Amino acid sequence: MTPRLRPALALLGLLSACEAAPGPRPAVVAAPSASPAMPAAPSGAVIGSVAGRAAPGGRLIAPDPRPLEAQPPAANFRNAPENGFQSVAEAPVSTFSLHSDTASYAIARRLLLEGRRPPPEAIRAEEFINAFPYDYPLPASRAEPFAPFISVHPSPWNPERRLLHIGLRTYAPAATPRVNLTLLVDVSGSMAPPDRLPLVVEAMRSLTRRLNPTDQVSIVTYAGKTAVTLPPTPAGNQAAIEAALSTLQADGGTSGGAGLALAYDQAAKAFDRNAVNRVVLATDGDFNLGPTSAPALEGLIRERRRAGIYLTTLGVGLDNLSDDRMSTIARAGNGIYVYAATPEDARRALVEDFAQNLLPVADDVKAQVEFNPAQVSGYRLIGYETRLLRREDFRDDTVDAGEIGSNRAVTALYEFIPRGAAPAVDPLRYAPAAPGAAPPPNRGAEFAFLRLRYKRPGESTSRELVRAITPRDSHPTFDAAPADARFAAAVAGFAQHLRNSPQVRSWPLEEMAATASAALGRDVDGRRAEFVALVRRVSRGSALSMLH
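Nothing here was measured: the structure is a model prediction, and the numbers come from that model.

## Focus: the confidence of the model for the protein chain
Here the protein chain averages 83 in pLDDT, and 81% of its residues register 70 or above. A low-confidence stretch, residues 1–69 stays under pLDDT 50, and its non-local contacts, those more than four residues away or across chains, total 152 contacts. Within the model, the stretch residues 542–548 combines pLDDT values under 50 with 19 contacts to residues more than four positions away or in other chains.

Pasting the structure below:
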C-alpha cells in the first residue's frame, strides 16, 4: 500500500478492509427523530454517523449502536433515464446546462459505507465526477472566466469507442468580495439526530469564522414557526454569532416556505449590490408546512434571484431527505446543492470549497457540442440527464441554467463511436448516404465543436466561447491520456455501475479502482484516495453482494 493512500483509508475507516479480507461491518446510523436535541459539539469534534470515521488526530470513532434508519425512498431523488446513444446523422447537436452540484456522490458514499445500496435514482454521474478537484489550467483574467481542457482518448470500458473529456476551470479573483450571508436553519423535530442539526451548527461555526470581519451574517430558523435568531451582524462579532448558534434546538413542524421568505427578507435588509448576497439553507429536506409545492417555492426563489440574492442548499440526514426538492430549489436560486453526512463533508462544502460554492463567477452556463458526422457516428452524454436542454435553448437568455463559482473545476464526459466502428444505433434505411453538405476541407478532421454560453453575475445577456475539438486533442491510448481524464473516467464508470448501466458491465470494479489509483495526481486533500478506497471496499466484499 502506498503511503499516500494510507491516511485516506484511515479517514474512511477502510484500512483494515484494504489490508485484510473483508468481514461484517457495524451499521452506521442516525438517531431516531424522536431523540432529544443534542448540544453542538466543540470545533473539530466528530459528530457523524459514519462508522469507523477518523477524528482529526487519527482516532477511529466507535460506530453508533442505534438502529439503522430506513432506506430513503427512490421517489425522493431527482433523476431521469440514462442517456442513450444518439445518431450523429440524425441528431448531431447536444445541449445541456453545466453545474457543479456534488450531493449525489456524498449521499451514495454514505450509503455504501453503511453497507446499503444507493437507489439507482440517487445516482447522477456528473455529480460524482464533479465531486473532485481537477488541475485544469486557470484562465488568465476575469474577461474570459473559463479555460477549457479537452482530451479525446479510448474508453476504458470499450476500447472501440472514445471518451471526450471537457473540463472547465473558472477564474479565481485576487480579492474576495464582501459577503452578505443569511443562514437559514431547519430546527424542526426531524433535525434532532447528531448527523443533522448538531452537524449543521458546527458547519455554520466553521463557515462564519472564515468570513472577513466586515461581512454580514444573519441567522433565521424555522420549525412550526419562523424566527430571526440573529439580525444582520458583522462577522467580526463572533461572540454574537456563537451565542445565536448555541440556542438552536430541534422541535416542532417544518414551515419551510415561510422560513425561506423570512430569510430572503433578512438578506434584503443587508443587501449590498457590490457584495455576494446569498441564503444558505440547511435542512433534511422536509417541507411539511407552508407553501410546499415546487412551483410556489421556485416562484419565490426566482423572484429573489432576479433581485440579486442567490440560494445554496445543504442537505443532511437520509430518511426525510427530499433530494428532488433540494436540487430543484438550488437550481431556481442560481446556487448549488451539496450534502453532508459528516462534519468533514460539511467542512469541505462550506469552508474548504467556500469560494467555489458561494462566490459566483458565471451564471446560466450552457454547453453545446456539435459532432462531425465525417468522424463520429454516435455519441452519448454521461450524466446531466436532469440538465438536458433543447438546441434552441442555447441562445435563449431567458432559459435558466447552472451557476459556477470561483476557481471551480467542472467536467462533462461524452462517449462517442468513431466513424467505421460498430454503431450503437442502426442507421435509417431511407436516410441519404451522406446527409447534408460535406464539411469544409479544413474542418473535416474535427471530432466536434464546443460552444459555451454564460452570463456574468448580475448581467442578463450571455457571452459565448467556442473551441474546435481536433486530432491535436487526441491520445492514442487510454494510459496516454492526462491523469485528470483517466481519474474522471474511473469515477464515471463507478457511477454508471451503481446505476446498473449496461454500458460498463464489462469493466470490473477492481480495474476502476486501479485506474483511479494510477491517476491520483497531486490529491492534496486526499479526496481521490478516499474514492479509490471506497471502490475497493465495494469490490472486495462487504458491498459486493448488494451491487449485482
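## Thoughts on helix α5 (residues 197–210)
The terminal C-alpha atoms of α5 lie 20 Å apart, and with 14 residues this matches the ideal 20 Å at 1.5 Å per residue to within 8%. Counting buried positions along α5 gives eleven out of 14 residues, so the element sits mostly inside the fold. Within the span of α5, buried status applies to Leu197, Pro198, Leu199, Val200, Val201, Glu202, Ala203, Met204, Arg205, Leu207 and Thr208. In this fold, the buried residues of α5 make contact with β5 (179–186), β6 (216–222), α6 (238–246), β8 (276–283), α10 (343–352) and α11 (354–358).

## Brief notes about the side chain of Asn372
With respect to the secondary-structure elements, Asn372 resides in the loop between β11 (360–371) and β12 (376–382). Of the polar contacts made by the side chain of Asn372, one reaches the backbone nitrogen of Ala374; its length is 3.0 Å.

## So, the nonpolar core
Counting residues in hydrophobic clusters, the biggest one holds 41 residues, and the most contacted among them are Phe128, Phe132, Tyr134, Phe487, Phe494 and Phe531. Ranked by residues supplied to this core, first place goes to helix α12 (residues 483–498) with nine residues. Here Phe494 is in contact with Leu112, Phe128, Leu509, Met512, Phe531, Leu534, Val535 and Val538, once residues within four sequence places are set aside.

## Topic: the sheet that holds strand β3 (residues 149–154)
Taken together, the five strands give an open sheet; going across it, the order is β1-β12-β14-β4-β3, and neighbouring strands pair in antiparallel fashion. Two strands lie at the open edges of the sheet, namely β1 (86–87) and β3, each paired on one side alone. Direction of pairing for β3 relative to strand β4 (residues 162–169): antiparallel, over a ladder of six bridges. The residue of β4 that forms the bridge with Pro154 is Arg162. Against the sheet, α12 engages β3, β4, β12 and β14 (409–418), with an angle of about 110 degrees to β4.

Analysis parameters
Residues numbered from 1 in each chain as written. Predicted model: local features only at pLDDT ≥ 70, side-chain atom pairs only at ≥ 80, totals over all residues. Heavy atoms only, no water. pLDDT = per-residue confidence, 0-100. Contact = heavy atoms within 4.5 Å. Helix = DSSP H or I, 4+ residues; strand = E, 2+ residues; numbered from the N terminus. Expected span 1.5 Å × (residues − 1). Buried < 20%, exposed > 50% of the residue type's maximum accessible area, 1.4 Å probe, protein only. Polar contact = N/O pair within 3.5 Å; in protein donor to acceptor, adjacent residues only side chain to side chain. Core = buried A, V, L, I, M, F, W, Y, C linked by side-chain atoms within 4.5 Å. Pairing = 2+ DSSP bridges. Axes fitted to C-alpha atoms, helices over the stretch in contact; angles between N-to-C directions.

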